[in-house]
Structures are given as C-alpha cells and as structure tokens.
Amino acid sequence: MIKEQVQLPLHVALTVAMQGIRIRFGRSVVTILGVALGIAFLMAMLAGMALNRGVAGEDRARAEARRMLNFLTVESGSLDGKTASIICTGPLDPFEERLVGQLSAAGLEELRWTALAGTPPPAVSSGAPFRQTYLSGAGDGASALIVMGAGPPPDIVWEPVLAGMRKQLAAFTRAIPASPPGDAHTTIVSLSREPSADERERAAAEKRRAAARQLWVIVISLAVTVIGISNAMLMSVTERFREIGTMKCLGALSSFIRMLFLIESAFVGAVGSVAGCAAGALFAALAYTGIYGLALTTRSAYGQLSSLALYAAAAVAAGMVLSVVAAIYPASVASRMVPANALRSNV
Amino acid sequence: MALSREHHAALFECAPGGERPCVIHAVDVKKIYGAGENQTFALRGATLDVYKGEYLSIMGPSGSGKSTLFNMIGALQKPTDGRVYIDQVDIAHLDHNELAWLRCRKIGYVFQTFNLIQVMTCLENVMLPMSFAGMETDAAREKAVTILKLVGLGHRALHKPAELSGGQQQRCAIARALANSPEIILADEPTANLDQRTGQEMIDLLSHLNKTLNVTVISATHDLKMLQSSHRILWIEDGRIVKSAKPEELDFSSSEFH
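Computed from a predicted model, the values in this text were never measured in an experiment.

Quick notes on the rules
- Residues numbered from 1 in each chain as written.
- Chains lettered and ligands numbered in written order.
- Predicted model: local features only at pLDDT ≥ 70, side-chain atom pairs only at ≥ 80, totals over all residues.
- Heavy atoms only, no water.
- Pairing = 2+ DSSP bridges.
- Helix = DSSP H or I, 4+ residues; strand = E, 2+ residues; numbered from the N terminus.
- Axes fitted to C-alpha atoms, helices over the stretch in contact; angles between N-to-C directions.
- Parallel < 35°, antiparallel > 145°, perpendicular 65-115°, else oblique.
- Contact = heavy atoms within 4.5 Å.
- Nonpolar A, V, L, I, M, F, W, Y, C, P; charged D, E, K, R; others polar.
- Buried < 20%, exposed > 50% of the residue type's maximum accessible area, 1.4 Å probe, protein only.
- 1 Å grid on protein atoms, 1.4 Å probe; cavity = no way out; pocket = protein on both sides within 12 Å on 5 of 7 lines; lining within 4 Å.
- Points joined across faces, edges and corners; volume = space filled by probe spheres on them.
- Domains from an automatic or database assignment.
- Disulfide = S-S within 2.5 Å.
- Buried area = accessible area lost by both parts, 1.4 Å probe.
- Salt bridge = Lys/Arg side-chain N within 4 Å of Asp/Glu carboxyl O.
- Polar contact = N/O pair within 3.5 Å; in protein donor to acceptor, adjacent residues only side chain to side chain.
- Core = buried A, V, L, I, M, F, W, Y, C linked by side-chain atoms within 4.5 Å.
- Left-handed = near helix turned anticlockwise from the far one by under 90°.

Some words on the sheet that holds strand β2 (residues 40–51) of chain B
Residue and element names in this part refer to chain B.
Stage number 1. In spatial order, the strands read β2-β1-β4-β5; together these four strands make up an open sheet with antiparallel pairing. Each end of this open sheet is capped by a strand with a single partner; those strands are β2 and β5 (89–90).
Stage number 2. Sheet topology note: the strand β1 (residues 22–33)/β2 ladder contains nine bridges and is antiparallel. By the bridge assignment for β2, K31 is matched with L43.

Brief notes about the packing of helix α7 (residues 254–292) of chain A against helix α8 (residues 294–303) of chain A
All names here are of chain A.
Stage number 1. Viewed as axis vectors pointing N to C, α7 and α8 meet at an angle of 130°, and their least axial separation amounts to 7 Å. Taken together, the axis directions place α7 and α8 in an arrangement best described as oblique. Across the interface between the two elements, A285, Y288, T289 and Y292 from α7 touch L294, L296 and T297 from α8.
Stage number 2. Taken together, the residues that form the contact of α7 with α8 break down as five nonpolar, two polar and no charged.

Considering unusual backbone geometry
For residues besides glycine, phi is generally negative; the peptide bonds are generally trans as well.
Residue and element names in this part refer to chain B.
Stage number 1. The backbone phi angle of F114 is positive, close to 65°, even though this residue is not glycine.
Stage number 2. As for its placement among the helices and strands, F114 is situated in the loop between β6 (107–110) and α4 (122–132).
Stage number 3. According to the relative accessible area criterion, F114 is buried, its value standing at 10%.
Stage number 4. Phi is positive for D238, close to 50°, though the residue is something other than glycine.
Stage number 5. Along the chain, D238 turns up in the loop between β9 (232–237) and β10 (240–245).

A closer look at the layout of surface pockets
Residue and element names in this part refer to chain A.
Stage number 1. Quantified by volume, the largest pocket comes out at close to 1400 Å³.
Stage number 2. In terms of lining, the largest pocket is formed by 41 residues, of which the most central are R53, A56, G57, R60 and E206.
Stage number 3. Of all the elements in the fold, those that place two or more residues in the lining of the largest pocket are α2 (25–76), α3 (94–104), α5 (197–238) and α7.
Stage number 4. Broken down by element, the residue count for the lining of the largest pocket peaks at 15 residues, all from α2.
Stage number 5. Each of domain 1 (10–57 + 198–344) and domain 2 (61–195) gives at least three residues to the lining of the largest pocket.

Some remarks on the side chain of N125 of chain B
Stage number 1. Within the secondary structure, N125 of chain B sits in helix α4.
Stage number 2. Contact partners of N125 of chain B, with chain neighbours within four places excluded, come to L116, I117, M120, P161, C172 and R176 of chain B.

Section: the state of the cysteines
Stage number 1. With the rule as written, the count across this model stands at zero disulfides over all chains.
Stage number 2. There is no disulfide at C249 of chain A, and the cysteine sulfur nearest it, in C104 of chain B, is 11 Å away.
Stage number 3. Accessibility expressed as a relative area gives 0% for C249 of chain A, which makes it buried.
Stage number 4. Cysteine C172 of chain B is unpaired, with the sulfur of C122 of chain B as its nearest cysteine sulfur at 3.5 Å.

Some remarks on the interface of chain B and chain A
Stage number 1. Facing 33 residues of chain B, the contacting portion of chain A comprises 29 residues.
Stage number 2. Interface of chain B and chain A: buried area, both sides summed, is about 2900 Å²; carbon and sulfur atoms make up 63% of it.
Stage number 3. When the buried area of chain B at its contact with chain A is split by residue, N97, W101 and F132 of chain B rank highest and sum to 25% of it.
Stage number 4. For the pair chain B and chain A, the number of links is zero salt bridges.
Stage number 5. On the surface where chain B and chain A come into contact, there are five residue pairs in polar contact (both at pLDDT 80 or more).
Stage number 6. Looking at the side of chain B that touches chain A, the elements that each hand over two or more residues are α3 (96–105) and α4 of chain B.
Stage number 7. Residue contributions to the side of chain B that touches chain A peak at nine residues, all from α3 of chain B.
Stage number 8. Looking at the side of chain B that touches chain A residue by residue, the classes come out as 17 nonpolar, eight polar and eight charged.

Focus on the nonpolar core
Stage number 1. In this structure, I86 and I218 of chain B are the most contacted members of the largest nonpolar core, which totals 37 residues.
Stage number 2. Not counting residues within four places of it along the chain, the set of residues in contact with I86 of chain B comprises V23, I24, I73, A75, I91, L102, I107 and I184 of chain B.

Details of the packing of α2 of chain A against helix α9 (residues 305–336) of chain A
All names here are of chain A.
Stage number 1. Where α2 contacts α9, the two axes come as close as 10 Å, and the packing angle between them is 160°. Relative to α9, α2 is oriented roughly antiparallel. Classified by chirality, the crossing of α9 by α2 is right-handed. Across the interface between the two elements, V35, I39, L42, M43, L46, A47, M49, A50 and R53 from α2 touch S307, L308, Y311, A312, A315, A318, G319 and S323 from α9.
Stage number 2. Grouping the constituent residues of the contact of α2 with α9 by class yields 13 nonpolar, three polar and one charged.

Printed below as a string of structure tokens:
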C-alpha cells in the first residue's frame with residue numbers, strides 16, 4: 001500500500017538546481033563572489049610568489065651581468081667610445097643576455113655580433129647598434145672580444161681575428177678552450193665564476209627560508225579561502241531551511257535535497273573559482289607592475305609561466321573542491337532534518 | 001514488517017469492512033520535547049480516528065499541542081510514544097523513503113504561512129510535488145493548470161507568490177496540496193493570516209473540495225467560521241483531547257465562543 005518514493009534522475013536535480021540558481025540570481029552572485037574572493041586572495045598570493053621569484057631571478061641575473069662587465073672593464077679599461085665584439089656560439093643564458101644588454105648600454109661606439117651557430121642577437125632596449133659581421137671582420141679595431149653562448153668552445157683560427165684588435169683581449173663567459181687563443185700578448189679573461197662554499201651555503205639557506213615563507217603564505221591563504229567559502233556555502237544553505245522543510249513535506253527525498261545543494265555548490269564553486277583566479281592573477285600583476293614596472297613584470301611572468309599555470313589550476317581546483325566540501329555538511333544536515341523542524345526553523 | 005502491519009490493521013476499531021473507512025487512527029500519541037529538567041510535554045496522549053471524506057476541525061489555544069498533533073498525524077514527525085496509523089499503516093515502521101512517498105501522495109499540506117517557494121511561479125509550485133512523484137513535465141503542467149483553475153487561480157498561474165494577495169497565495173498552496181490527488185488535506189490554521197472575508201473564501205474552498213473530491217480535510221483552527229463548515233470538532237487542551245462535538249450540537253452564541 002505504501003511504496004518507495006521514486007528516486008528522481010540526476011537531470012531533474014540538475015534542472016531544479018540550475019533553475020534555483022537562475023531565479024535566485026542575485027543571491028547566487030553573492031555566493032559566487034564569496035568563493036571568488038577567497039580564491040582571488042589565494043591566487044594573488046600564489047601569483048605574487050611566482051612573480052617575486054621572477055623578479056628575484058632577474059635581479060640576480062642583472063647583478064651577475066654587472067659583475068661580468070666590471071670584470072671585463074678592469075682588463076679592457078673604459079669601453080666608452082670603443083668597439084666590442086661578441087662571438088656567439090649558441091643560445092644565451094639569462095646572465096649572458098643581460099651582459100649583452102649592459103654592454104650595449106655602456107657607451108660603445110659599435111657592438112659587433114658574430115653568430116657561429118646562427119643565434120640572433122637578443123633584443124636590447126637602447127644603446128649601441130649591433131653590427132653583424134663575419135668572423136674575419138670580428139676583431140678589426142675592437143678593444144675586447146667576448147665569447148659567449150651554450151655552444152662548444154669555438155674551434156677557429158684565432159690569429160687573424162686577434163691580429164686586427166686594438167688590444168688583444170679575449171673574454172670567455174664559459175669554459176676557456178683547452179688550447180687558449182693567441183700568444184704572450186693576448187690577455188685571456190674568464191668571466192664565469194664558481195661561487196665560493198660560503199656563498200653556496202648562504203644561497204641554500206636563503207632558499208630554505210624562502211620555501212618556509214612560501215609554505216606559510218600558502219597555509220594562511222588556504223585558511224582564509226576555506227573560511228570564506230564555507231561561510232558563503234553555509235549561509236546559502238541555512239537561509240533555505242524553510243524551503244527545504246516545505247520540499248520534504250511535498251515528498252522530496254533527503255538524497256534529492258543533498259544532490260540539489262551539491263550540484264549548486266559545484267556550479268557556484270566552478271564559476272567563482274575561475275573568476276577569482278583571474279581576478280587574483282590580475283591583481284598581483286597590477287601590484288607588481290606598480291612596483292617594478294611593466295617590462296620587468298612581463299619578463300618575470302613570462303619566465304614563471306609554467307608555475308603560474310600550475311598555481312592557477314591548483315587555485316581553481318581548490319575552489320571547486322572546497323565549495324563542494326563546504327556544502328556537504330550543511331546540505332546533509334538540512335536534508336536529514338525532520339520536516340516539522342525545518343518548517344519551524346526561523347533561520 | 002508486513003506481518004506487524006497486518007497485525008496492527010486487525011486491531012483497528014474501524015478496520016476494513018467496518019462502518020466507515022478510517023484514514024487516520026492515532027492511539028495514545030505522546031510527544032516530549034527536550035530531556036531531563038527541560039522536558040516539555042507537547043502531547044500527553046491523544047487518541048483519535050479520522051474517517052474518510054470527513055471535514056474535521058481541531059480547536060485549541062496556542063501551545064495546546066495542536067500543531068504537534070498535526071505534525072504527528074501528517075507524518076512530519078514521529079511520536080515519542082503511541083501509534084499513528086495512516087491508511088492502516090503504522091508510520092513508525094516506515095523508512096524515510098516510504099515516508100516521502102506518503103507525504104507526496106497521501107497527504108496535502110496547507111500551512112498558516114502558506115510556505116510557497118518564493119522563487120517559483122504558482123504553476124511551478126504546484127508542479128513541484130508532481131515532479132517529486134516522477135510525473136512527466138508536460139503532464140504535470142497540464143494537471144497543475146487544471147488544479148489552479150479549480151481553486152480559482154488560473155489567471156495567476158505565471159505569477160510569483162510575492163505578486164499575489166494572501167488569499168491568492170493560500171489558494172495556490174491549496175492547489176499544491178491537491179497536486180498528487182491526496183486522500184487527506186492537512187490544514188494548519190489556514191485562515192490565521194488572512195482577513196475575515198478571504199478566510200471565509202478559503203473555508204468555502206476547502207469545504208467545496210471536501211464535498212466534490214471527497215478528500216478528507218483536517219484543519220486546525222481558532223476560527224469559528226471553520227467550525228460551522230466541519231462535520232466534527234475536537235478540542236485539545238494541554239496536550240489532551242478534551243471534547244468532541246458536531247457543529248449542530250454547539251451553541252455558537254454562547255460565551256464559550258466569544
């Protein structure tokens with residue numbers, strides 16, 4: 001005589017949940033904003049961390065390039081109004097790129113570029129124009145010859161190149177070839193430098209401190225996010241206790257009500273997380289642009305692209321999971337309520 | 001479980017084959033809220049039968065246990081002690097699935113505060129119990145329109161509750177209660193939030209439905225107008241049923257009613 005209530009298929013719950021979001025649009029937007037705010041905070045922190053790493057890397061590269069340039073000018077004397085020539089064996093590392101930039105800005109009359117492996121000169125913002133030459137013309141009248149790039153040490157006949165130089169100075173940013181070029185009149189300079197044990201230790205300690213700071217930032221941001229999202233979800237469920245009571249009186253199953261809220265929270269979580277992630281990244285980018293300028297920020301972001309993508313994916317995933325998890329408890333409390341109690345509830 | 005249901009059915013005064021079929025049979029129903037020193041006796045043992053097709057009014061001051069009795073016989077809450085049989089089935093033996101089925105199809109609820117889902121139109125409110133019963137949307141819409149016309153709200157089907165007067169909202173709630181053609185309509189002070197004239201209209205509507213659809217109406221009320229339309233009146237006081245009467249036995253001019 002009494003039968004089991006029909007289990008409504010998922011698409012009915014989906015329809016009712018979406019209808020609920022649509023009709024309660026204003027309230028849904030507030031909940032979505034709550035989620036978005038939490039995720040925006042998390043993402044701003046994470047993106048800030050990545051940009052900070054990028055900026056710190058850039059700072060380190062610039063300092064290293066400045067050191068190399070200083071090292072070079074100790075041997076060559078001031079390069080102001082003189083000519084320097086670069087022999088490039090392959091792709092440049094960030095230090096070498098910055099060194100080229102700083103060389104071009106050092107007041108040279110001319111900067112020559114000889115690409116042994118076809119590597120084009122890096123884009124530099126200002127300074128002496130590049131003149132691309134062949135190896136035969138690389139040394140003519142130059143005060144310094146700098147060999148850089150990731151390729152193998154150049155296996156070339158050095159004498160004609162060195163012969164035309166004003167001062168026979170060959171500087172290497174990487175390993176010096178086994179048989180050094182030139183003769184007794186040639187100065188060979190190695191610009192690379194192995195960090196000392198003390199420096200290595202300090203760098204390692206700084207790395208550990210940075211890792212601890214990062215962990216702390218992530219934990220705090222997650223805590224803020226969790227609280228923000230659970231609060232938003234809790235409010236959106238509790239304020240509907242009465243409606244839930246009514247639905248139960250009309251024959252809704254607990255599982256249906258639970259499903260309704262889980263679908264709703266998944267949707268709200270997805271939209272809020274994506275929006276929050278974009279807003280957080282944008283905020284961090286704007287803040288860093290304000291502090292370090294657009295060029296450096298863009299460069300740092302570009303260098304940290306993979307970790308930025310990873311952080312964004314993690315923030316969106318965290319937002320969605322947190323939204324659903326935060327809704328599970330209030331939704332199951334609400335769905336288990338005796339209808340009479342849910343109706344009496346004045347929340 | 002099937003055995004015990006039959007066993008209980010055999011105990012009925014108004015068991016099948018009796019003079020009048022009985023839709024609700026409550027035996028010594030008690031409800032206690034809280035525990036220890038905070039215990040509150042909402043019902044101290046209420047026994048009643050409700051017959052099929054009857055219009056029963058339950059009178060009582062607020063706090064008398066009226067709403068609690070309502071929740072018990074409407075399967076919205078389980079009693080602390082005692083038995084409630086709806087259609088000869090002890091609701092204590094039903095699991096939540098079966099209770100949901102019962103609430104969906106056997107009983108239609110009408111509340112003092114209407115309890116319409118504010119974000120849905122009248123039509124969607126009436127369709128909701130039908131979709132819980134697994135009805136196809138098109139069929140449900142057709143039936144909902146018919147019921148809304150029956151309660152005189154056909155022209156307001158696409159309005160939301162907030163756009164309707166109190167009387168229209170209660171009409172919509174009554175339409176929703178009728179959605180799955182229940183045997184029983186439980187109305188908890190349906191006229192309390194309405195003015196005199198609109199209240200009278202609701203009573204007329206319930207009375208009309210009772211006569212034409214032969215649906216059993218159980219209504220809790222303070223409202224004297226409701227008593228005159230009912231077949232039988234129960235008085236409840238301090239958690240006990242203290243009096244039972246038919247309207248023709250009452251003297252509405254006596255001081256008791258003023």
